[in-house]
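Here is how the chains run, residue by residue.
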Amino acid sequence: DWKSKDDYVASLTKKYRDQYKRARKKSSAITLKELSLTEVVALENTLYSLYYYVAKNAPFNTFFLSKNHFSTFKKQCGNRFRVFGYFLHDKLIGFHTLLLNGKVLETYFLGYDEQHQKENMLYLNMLYNMTEFGIENQFEKIIFGRTALEIKSSIGAKPVYMSGFLYHTNPIINRF
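Can you tell me about the packing of helix 2 (residues 14-26) against helix 7 (residues 122-136), naming the residues and giving the values?
Where helix 2 contacts helix 7, the axes come no closer than 10 Å and their chain directions differ by 105°. Here helix 2 lies roughly perpendicular to helix 7, going by the angle between them. Where helix 2 abuts helix 7, its residues Tyr 16, Gln 19, Tyr 20, Ala 23 and Arg 24 lie against Leu 124, Asn 125, Tyr 128, Asn 129 and Glu 132. Tallied by class, residues from the contact of helix 2 with helix 7 come to five nonpolar, three polar and two charged.

So what's going on with the sheet that holds strand 1 (residues 31-34)? Residues and values would help.
Taken in spatial order, the five strands make up an open sheet running 1-2-3-4-5, and their pairing is mixed. Whereas interior strands pair on both sides, the edge strands pair on one side only; in this sheet they are strand 1 and strand 5 (141-143). Recorded for the sheet is a direction-independent mean angle of 25° between the axes of neighbouring strands. Strand direction decides the pairing type here: strand 4 (residues 104-112) and strand 5, joined by three bridges, are parallel. Residue Val 104 lies in a different strand from strand 5, and its bridge partner there is Lys 141. Of the strands in this sheet, strand 2 (81-88), strand 3 (91-101) and strand 4 touch helix 5 (residues 69-77), which is tilted by about 135° from strand 2. Here helix 7 sits on the sheet and contacts strand 1, strand 2, strand 3, strand 4 and strand 5; the angle it forms with strand 4, its principal contact strand, is near 155°.

Describe the packing of helix 4 (residues 44-56) against helix 5, listing the residues and the values that go with them.
To describe two helices that pack against each other, one gives the angle between their axes and the distance between the axes. Where helix 4 meets helix 5, the closest approach of the two axes is 8 Å, and the angle between their N-to-C directions is 115°. One way to sum up the angle between helix 4 and helix 5 is to call them roughly perpendicular. Note on element contacts: helix 5 touches helix 4 through His 69, Phe 70 and Ser 71, opposite Glu 44, Leu 47 and Tyr 51. Grouping the amino acids of the contact of helix 4 with helix 5 by side-chain chemistry returns three nonpolar, two polar and one charged.

Residues and numbers for the nonpolar core, please.
Among the nonpolar cores identified, the biggest contains 18 residues, and Leu 98, Leu 122, Met 126 and Phe 133 are the most heavily contacted of them. Elements with a contribution of two residues or more to this core: strand 2, strand 3, strand 4 and helix 7. With six residues, helix 7 is the largest single contributor of residues to this core. The next biggest cluster of nonpolar side chains, apart from the first, holds 16 residues, and it includes Tyr 48, Cys 77, Leu 92 and Phe 95.

Provide a residue-level description of the pattern of salt bridges, including the pertinent values.
Summed over all chains, the structure comprises five salt bridges. Where Glu 132 meets Arg 24, a salt bridge forms, and the shortest distance between an N and an O atom there is 3.0 Å. A residue pair is termed long-range when its members are at least 10 positions apart, and Glu 132 in helix 7 and Arg 24 in helix 2 qualify at 108 residues. One salt bridge in this structure joins Lys 33 and Glu 39, with 2.0 Å as the shortest N-O distance.

Explain the packing of aromatic side chains to me, and be specific about the residues and the numbers.
What the rule picks out here adds up to 16 aromatic pairs. Where Tyr 53 meets Tyr 112, the ring centres are 6.2 Å apart and the plane angle is 65°; that geometry is what we call edge-to-face. Here the residue Tyr 53 occupies a position in helix 4, and Tyr 112 occupies one in strand 4, the gap between them amounting to 59 residues. Of the residues examined, Tyr 53 reaches a relative accessible area of 23% and is grouped as partly exposed. With a relative accessible area of 16%, Tyr 112 lands in the buried category.

Calculation criteria
- Residues numbered from 1 in each chain as written.
- Predicted model: local features only at pLDDT ≥ 70, side-chain atom pairs only at ≥ 80, totals over all residues.
- Heavy atoms only, no water.
- Axes fitted to C-alpha atoms, helices over the stretch in contact; angles between N-to-C directions.
- Helix = DSSP H or I, 4+ residues; strand = E, 2+ residues; numbered from the N terminus.
- Parallel < 35°, antiparallel > 145°, perpendicular 65-115°, else oblique.
- Contact = heavy atoms within 4.5 Å.
- Nonpolar A, V, L, I, M, F, W, Y, C, P; charged D, E, K, R; others polar.
- Pairing = 2+ DSSP bridges.
- Core = buried A, V, L, I, M, F, W, Y, C linked by side-chain atoms within 4.5 Å.
- Buried < 20%, exposed > 50% of the residue type's maximum accessible area, 1.4 Å probe, protein only.
- Salt bridge = Lys/Arg side-chain N within 4 Å of Asp/Glu carboxyl O.
- Phe/Tyr/Trp six-rings, centres within 6.5 Å; stacked < 30°, edge-to-face > 60°.

Put into structure tokens, the structure is as follows:
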């Protein structure tokens, strides 16, 4: 039902509205910029380093992306794949990506510099920015993924139970 960022913020409880204001204040020196394909290519090594830091420190990870993943995806998907950079004094310190899938906005991979994450509440601000993008562009649903559930619930995300199927090539292991 939200039509604007203000509708979203107004719907938060006082505790989470205060958290929103605090997070936004802490990130006031950071500039958010959508990156073009040319910029993604130019920043590819930094994007990968930021992504890799988050991926290797995640509690669960089944694979690592290739170093040119973001530029390849941007080339193939065009405007349906968005890359947003977070800059502090013209230095890229974080990024998040989005997949525009019809009426559904899917959050994709992200990365950040450990030194700036906590001080600027960078991850939380990324979640707010993704939410605001979804609201402003009138998506019906935002899919945030399956990690960091506690912080995602603090921005209003609700869990959706999913099932999966695993198949191993070894028949003995597959039986179990």
